[in-house]
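Here are the chains, one letter per residue:
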Amino acid sequence: MAITRKKGPLYTQIKNILKDRILHGVYPIHSNIPSEPQLEEEFGVSKITVRKAVEELVQEGLLEKKSGKGTKVIQNTSASRISRGKFFTEFLVEKGHQINKKLLEIKQVQTKEDPHLQPLFDESCLCIRRVYNLDGTPYIHFTHYLSNQLGTIDSHDIQEQSLYGLIEKRDIFLEKFEDYFNIATATPVIAKELQVDTGTPLLKRMRYSYDEMNNLIEYSEGYYNTELHDYVKTEVQK
């Protein structure tokens, strides 16, 4: 996989890619990640760069290195400032599922073209559409609208790391989010991506994510095919 120095230190990029794979079950808990030589070959970097990326994940408590036994995943959830509970995808991974993301589109949109977006953002915002596959089957269709406060985001930024991790990397910390749920029918576009019939009832989640100054950073719409798996909300008591 191609990485570039234009995006910052190479070891940091590799660390973020490996972390995202761990959090989405590509490397299941209690399994070993690829060996250092395999990672060197995949990313086209030196042993020192790979070792630095892995060491950081060890320090974060996600990996454990044992001489002669490889590097094992020992945790597949990450602490986040935006929620006292687990993300739904983290819950699925803990239950043994694998989540894969597919980027459909990333573009700048004019808010005047959508009456719902106009009061939320300034003249324009970034639109990202993705599909999450549950064990290889399309499960969630996400459309994220992001404040231009985040700056430029391209497909490389969003392909291999968490959107919320990317937001925090830009030194924007989400302190509050509000989720609203209802039942909506699949439009032709969403039906195609989720491989269901147009008009199929789906669970719809609308999320508003705010920073420390109560500025709206993200508005997203997620359509869930709950025929595959129920939506589960978890919360950790303080």
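Structural notes, computed from the coordinates. (Residues numbered from 1 in each chain as written. Predicted model: local features only at pLDDT ≥ 70, side-chain atom pairs only at ≥ 80, totals over all residues. Heavy atoms only, no water.)

Of regular secondary structure, the protein possesses seven helices and eight strands. A compact globule built from 238 residues would reach a C-alpha radius of gyration of about 18 Å, and the protein, at 19 Å, matches this within 12%. C-alpha extents for the protein along the principal axes are approximately 55 × 40 × 35 Å. Out of the 238 residues belonging to the protein, those deemed buried represent 47%. Sequence-distant contacts, at least 24 apart, represent 59% of the contacts inside the protein between residues at least 6 apart. In the form shown here, the protein has an accessible surface area of approximately 12600 Å², with 47% of it arising from carbon and sulfur atoms. Charge-centre separation for the protein: the mean point of 32 positive side chains lies 4 Å from the mean point of 34 negative side chains. (Helix = DSSP H or I, 4+ residues; strand = E, 2+ residues; numbered from the N terminus. Rg over C-alpha atoms; globule rule 2.2 N^0.38 Å. Buried < 20%, exposed > 50% of the residue type's maximum accessible area, 1.4 Å probe, protein only. Contact = heavy atoms within 4.5 Å. Areas by Shrake-Rupley, 256 points an atom, 1.4 Å probe, with all protein chains shown as cover. Lys, Arg positive; Asp, Glu negative; His and termini not counted. Charge placed at Lys NZ, Arg CZ, Asp CG, Glu CD.)

Within an α-helix, residues lying three or four positions from one another point in the same direction, as the helix has 3.6 residues per turn. Helix length check: helix 1 (residues 10-23) (14 residues) gives 20 Å between terminal C-alpha atoms against 20 Å at 1.5 Å per residue, within 8%. The buried fraction of helix 1 is high, at eleven of 14 residues. (Expected span 1.5 Å × (residues − 1).)

Let us look at the nonpolar core. In terms of nonpolar packing, the biggest core is built from 18 residues, with Leu18 and Phe43 touching the most fellow members. Element by element, the count of residues in this core is highest for helix 1, at five residues. In this view, Leu18 contacts Tyr27, Leu39, Phe43, Val54 and Leu57; residues no more than four positions away in its chain are not counted. With 15 residues, the next largest nonpolar core counts Leu103, Leu150, Ile153 and Ile217 among its residues. (Core = buried A, V, L, I, M, F, W, Y, C linked by side-chain atoms within 4.5 Å.)

A word on helix 2 (residues 36-43). Those residues of helix 2 not exposed but buried are Glu36, Leu39, Glu40 and Phe43. Burial along helix 2 is one-sided: seen end-on, the buried residues are contained in an arc of 105°. Away from the buried face of helix 2 by more than 90 degrees, exposed residues Pro37 and Glu41 are located. Next to the buried residues of helix 2 lie helix 1, helix 3 (47-59) and strand 1 (63-66). Two residues or fewer after helix 2 comes Gly44, characterised by a positive phi angle close to 65°. (Arc of directions from axis to C-beta.)

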